[in-house]
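Read off the chains here:
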Amino acid sequence: MSYRIAICDDSAADRTYIRSLIDLWAKEEASSVRVEEFPSAESFLFYYETDKQWDILLLDIEMGDMDGVSLAKRLRQDNETLQIVFVTGYSDYIAEGYEVAALHYLMKPLKKEKFFAVLNRAAEKLKKNEKVLTFDLSGETVRVPVWQIIYAEVQLNYVTIHAKEDVRVKMTLSDLQRELDDRFYRVGRSAIVNLTQVRRVTRTDIYLAGEVVLPLPRGAYEGLNRAIIQMR
């Protein structure tokens, strides 16, 4: 596999060290990497506006005028597949990382084994994002990238898949679940949610991307939170 990775950090020494670890990881995994460095959030955003083809962003938080969290929020407006990993010396921003669907939150100084594990997770998620579900609907073939699915719900004999466009398919929710991966969690009898799209969970509701709010069945709170923690 080939990956394009950006390091955004205002410390030149940290950028150099992170790059050396990426090179070691790529060698161990027999992967090809193209790594570029950016000293500020603004410099990355300026470049990103004309070239959005990035796989992984290793992002510091405390930087100049624009911090890493603000940059991540800007990127998430039009890019859901970029794997964002916060690499920082501060532990005060974990909640914000959750909000922008960051893959992980690594504390400096980086430990090689932990860093490699996170890069492996990012690579695995990028592979999963390539999967597409194909449905034949009234003589028309409809393709739905799995990563675009926010949630699915069942009504009678039909499942409605809510993605960039809604798709209604005659099938069971269990049949759909078998086509999905560990990013998806069955919530009661009537819905499956994409854990990467979960923004907040209360005892009574699940808040998803796109301002979607689903009722959370009684007794499902602990299981859903455990699934989210294990996925991250």
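Just so it is clear, the model here is predicted, and its values are computed rather than measured.

With burial as the criterion, each face of strand β3 (residues 56–59) is covered, one bearing Ile-56 and Leu-58 and the other bearing Leu-57 and Leu-59. Read as a crossover between parallel neighbours, the route from β3 over helix α3 (residues 68–75) to strand β4 (residues 83–88) is right-handed.

A few words now on unusual backbone geometry. Following Lys-108, the chain continues into Pro-109 via a peptide bond in cis, with omega recorded as -5°. Residue position: Pro-109 is located in the loop between β5 (104–107) and α5 (112–128). Despite not being glycine, Ala-30 shows a phi value in the positive range, around 55°. Along the chain, the position of Ala-30 falls in the loop between α1 (12–29) and β2 (32–38). A positive phi angle, near 55°, is found at Leu-156, a position not held by glycine. A residue is classified by how much of its surface remains accessible, and Leu-156, at 83% relative accessible area, is exposed.

On to the sheet that holds β5. Read across the open sheet, the five strands follow the order β2-β1-β3-β4-β5; overall the sheet is parallel. The outermost strands of the open sheet, each flanked by one partner alone, are β2 and β5. Geometrically, the sheet is characterised by an average inter-axis angle of 20° between neighbouring strands, direction not taken into account. When β3 meets β4, the two strands line up parallel, connected through four bridges. Bridge pairing links Ile-56 to Gln-83 in β4. Lying over the sheet, α1 contacts β1 (2–8), β2, β3 and β4, oriented at roughly 175° with respect to β2. Packing against the sheet, α5 makes contact with β1, β3, β4 and β5, and its axis sits at approximately 160° to β5.

This paragraph deals with the environment of Asn-129. Among the structural elements, Asn-129 can be located in the loop between α5 and β6 (132–137). Using a relative accessible area of 14% as the deciding quantity, one classes Asn-129 as buried. Every residue in contact with Asn-129, bar those within four places of it in the chain, is listed here: Thr-81, Gln-83, Trp-147 and Arg-183. There is a polar contact of 2.6 Å between the side chain of Asn-129 and the side chain of Arg-183.

So, how was this worked out
- Residues numbered from 1 in each chain as written.
- Predicted model: local features only at pLDDT ≥ 70, side-chain atom pairs only at ≥ 80, totals over all residues.
- Heavy atoms only, no water.
- Buried < 20%, exposed > 50% of the residue type's maximum accessible area, 1.4 Å probe, protein only.
- Helix = DSSP H or I, 4+ residues; strand = E, 2+ residues; numbered from the N terminus.
- Right-handed = clockwise from strand over helix to strand, strands pointing away.
- Pairing = 2+ DSSP bridges.
- Axes fitted to C-alpha atoms, helices over the stretch in contact; angles between N-to-C directions.
- Contact = heavy atoms within 4.5 Å.
- Polar contact = N/O pair within 3.5 Å; in protein donor to acceptor, adjacent residues only side chain to side chain.

As far as function goes, none of this settles anything; it's purely spatial.
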